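# Fold and contact review
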Amino acid sequence: MIKNLKSNKIICMLVFIICLFLIIKPTICINASLNGVSVWALKVFPTLFPFFVFTKLLVNLSEPKPNVLDKYFCKIYNAPSGSFFIYFLSIISGYPMGAKLISDAYKNKKINSLQAEKMLAFCSVSGPMFMVGSVGVSILNSYSAGIIILISNIIASLVNGLIFRPKINHNKDTFQYTTIKKNALSDIVADALTSILIVGSYIVLSFIIVDVLKQIGLISKLCELLCYVFNCKDVAPILESVLCGILEITKGIVELNITNCSLFLKTIIASALIGFGGISILLQSKAFLNYLNIKTSTIVKQKIV
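These lines cover the structure that appears in this document, whether it is placed above or below.

Criteria and cut-off values
- Residue indices follow the written sequence of each chain, beginning from 1 at its first position.
- Only residues with pLDDT of at least 70 get local features here, since the model is predicted, and only at 80 or more are side-chain atom pairs given and counted; chain-wide, interface and lining totals rely on the full set of residues.
- Just so you know, side-chain values use all the structure's heavy atoms and leave hydrogens and water out.
- We call a set of buried Ala, Val, Leu, Ile, Met, Phe, Trp, Tyr and Cys residues a nonpolar core when their side-chain atoms join them within 4.5 Å.
- Categorising residues by exposure relies on relative accessible area from a 1.4 Å probe, with only protein chains included: less than 20% of the type maximum marks a residue as buried, more than 50% marks it as exposed, and the intermediate range marks it as partly exposed.
- Numbering of helices and strands starts at the N terminus; helices are DSSP runs of H or I of at least 4 residues and strands are runs of E of at least 2.
- Any two residues whose heavy atoms approach within 4.5 Å at even a single point are treated as in contact.
- Helix axes use the C-alpha atoms of the stretch in contact, all axes being lines fitted to C-alpha atoms, and the angles between their N-to-C directions lie in the range 0 to 180 degrees.
- Angle categories: roughly parallel below 35 degrees, roughly antiparallel above 145, roughly perpendicular from 65 to 115, and oblique for all the rest.
- Put simply, a crossing is left-handed when the front helix is turned counterclockwise from the back one by less than a right angle, and right-handed when it is turned clockwise.
- Amino acids are sorted into nonpolar (Ala, Val, Leu, Ile, Met, Phe, Trp, Tyr, Cys and Pro), charged (Asp, Glu, Lys and Arg) and polar (every other residue, Gly among them).
- Centres within 6.5 Å make a pair out of two Phe, Tyr or Trp rings, where for Trp the six-membered ring is used; the pair is then stacked when the planes are under 30 degrees apart, edge-to-face when over 60, and tilted otherwise.
- In what follows, salt bridge is the name for a side-chain nitrogen of Lys or Arg lying within 4 Å of a carboxyl oxygen of Asp or Glu.

## Points about the nonpolar core
Membership of the largest hydrophobic core comes to 40 residues, with the highest contact counts inside it found for F52, I102 and F122. Of the residues forming this core, the biggest block, eight residues, is contributed by helix α2 (residues 26-61). In this structure, I102 is in contact with I86, I111, A116, M119, L120, C123 and L289, ignoring residues within four places of it in sequence.

Structure, rendered in structure tokens:
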């Protein structure tokens, strides 16, 4: 109770500061919003919106039968039949498609809350287009770095699934795609548009929060404190980019790229930030998982691991 009260006070204080900035220095917030909208419109919408539409169509129109690959996958992870189908779509589409597909499966009564929680451990992963294209080629200027980040994050998601593997075997649970309502194309497009707007809203909010925290000096002060505690003043710019990345991964990696550290170190840090996902991805996932009884602390723990 006391912990919740303290956390609420901190959140209220941060919200109040952001509101003050909206009034006192609107230009900073407007520019941050425009940057967020630009990232969403140019890098997220063109790739994620078609995936939202076509994956929904794929799930609605197809009736995949349990195959050998799915059988062994479900046996290894004690997951319901059909889990490999969701995992495959998750790693192709990226954040926050895994959370959305799990949410859809739960709403269609194909899985329960516990199964959804365990599946989230391996289905919450970034997509190849973002890791290889956006991060590797566009930001780090290295296709090889993008491939390394992609492979390491896929392996990490599979290992994470084993760590959070449920003790109870759900192998025999039904995962029937035939029970899904055949939605009209217009309904699917409308659902996809709503989903992509939710994603965009959280990206814009994250950009505003990061810029406001940088303007008031909170990120730099926290960075200085950590450097003092660990006696590592030389890595202050890198640490600052990591703190930004914890809030919003794209902005953090962009900040990381302008530091003087080697490509090797940039690749490692970028991979770690993408694996964690950042608070922006956490909020996006929570928006889709609203119907499920999954604690935020559980999702954070999975992402940290």
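From this point, the discussion proceeds with the structure in view.
## Examining the packing of helix α6 (residues 113-123) against helix α15 (residues 296-304)
How two helices pack is summed up by the angle between their axes together with the distance between the axes. Close contact between α6 and α15 brings their axes to 9 Å; oriented N to C, the two are set at 30 degrees. In this view, α6 runs roughly parallel relative to α15, as classed from their interaxial angle. Crossing geometry of α6 relative to α15 is assigned as right-handed. Within the contact between the two elements, α6 uses E117, L120 and A121 and α15 uses T298, I299 and Q302. Here the residues of the contact of α6 with α15 are counted per class, giving three nonpolar, two polar and one charged.

## Things to note about the packing of aromatic side chains
Counting across every chain of the model gives nine aromatic pairs. Their ring planes at 5 degrees and their centres at 5.0 Å tell us that F45 and F49 sit as a pair that is stacked. Of this pair, F45 and F49 both sit in helix α2, separated by four residues, roughly a single helical turn. Taking the centre distance of 4.8 Å and the plane angle of 40 degrees together, the rings of F73 and Y77 count as tilted. Linking F73 with Y77, this pair stays in helix α3 (residues 68-77), spanning four residues, or about one helical turn.

## A closer look at the packing of helix α11 (residues 236-247) against helix α14 (residues 278-288)
Following both chains from N to C, one finds α11 and α14 inclined at 5 degrees, their axes separated by 3 Å at the closest point. Overall, the two elements α11 and α14 adopt an arrangement that is roughly parallel. Taken together, the residues of α14 that come into contact with α11 (itself represented by G245, I246 and L247) are G278, I279 and S280. Counted by class, the contact of α11 with α14 contains three nonpolar, three polar and no charged residues.

## Overview of the environment of K71
Of note, K71 is situated in helix α3. For K71, a relative accessible area of 55% translates into the label exposed. Distance from K71 to A41, taken between C-alpha atoms, is 39 Å for residues 30 residues apart in sequence.

## Re the pattern of salt bridges
Side chains that differ in charge, positive against negative, can pair when their charged atoms come close. This structure, assessed with the given rule, holds four salt bridges. Residue D191 pairs with K100 through a salt bridge whose shortest N-O separation is 3.0 Å. A residue pair is termed long-range when its members are at least 10 positions apart, and D191 in helix α9 (residues 185-215) and K100 in helix α5 (residues 97-107) qualify at 91 residues. A residue is classified by how much of its surface remains accessible, and D191, at 29% relative accessible area, is partly exposed. When its relative accessible area of 5% is taken as the criterion, K100 is described as buried. Put simply, E255 and K214 hold a salt bridge, and the shortest N to O gap is 3.1 Å. Here E255 is found in helix α12 (residues 249-257), whereas its partner K214 is found in helix α9, with 41 residues between them in sequence. The exposure class of K214 is partly exposed, given its relative accessible area of 29%. Through salt bridges with shared partners, a single network forms among K100, D104 and D191.

## Observations regarding unusual backbone geometry
Among all residues except glycine, the phi angle is most often negative; among peptide bonds, the trans geometry is most common. Geometrically, the link from Y95 to P96 is a cis peptide bond, its omega value of -10 degrees lying close to zero. On the secondary structure map, P96 appears in the loop between α4 (83-93) and α5. Of note, K109 is a non-glycine position whose phi angle comes to about 60 degrees, a positive value. Within the fold, K109 resides in the loop between α5 and α6. K109 gets classed as exposed once you look at its relative accessible area, which sits at 78%. The backbone of N231 sits at a positive phi, close to 55 degrees, despite the residue not being glycine. For N231, the position within the fold is in the loop between α10 (218-230) and α11.

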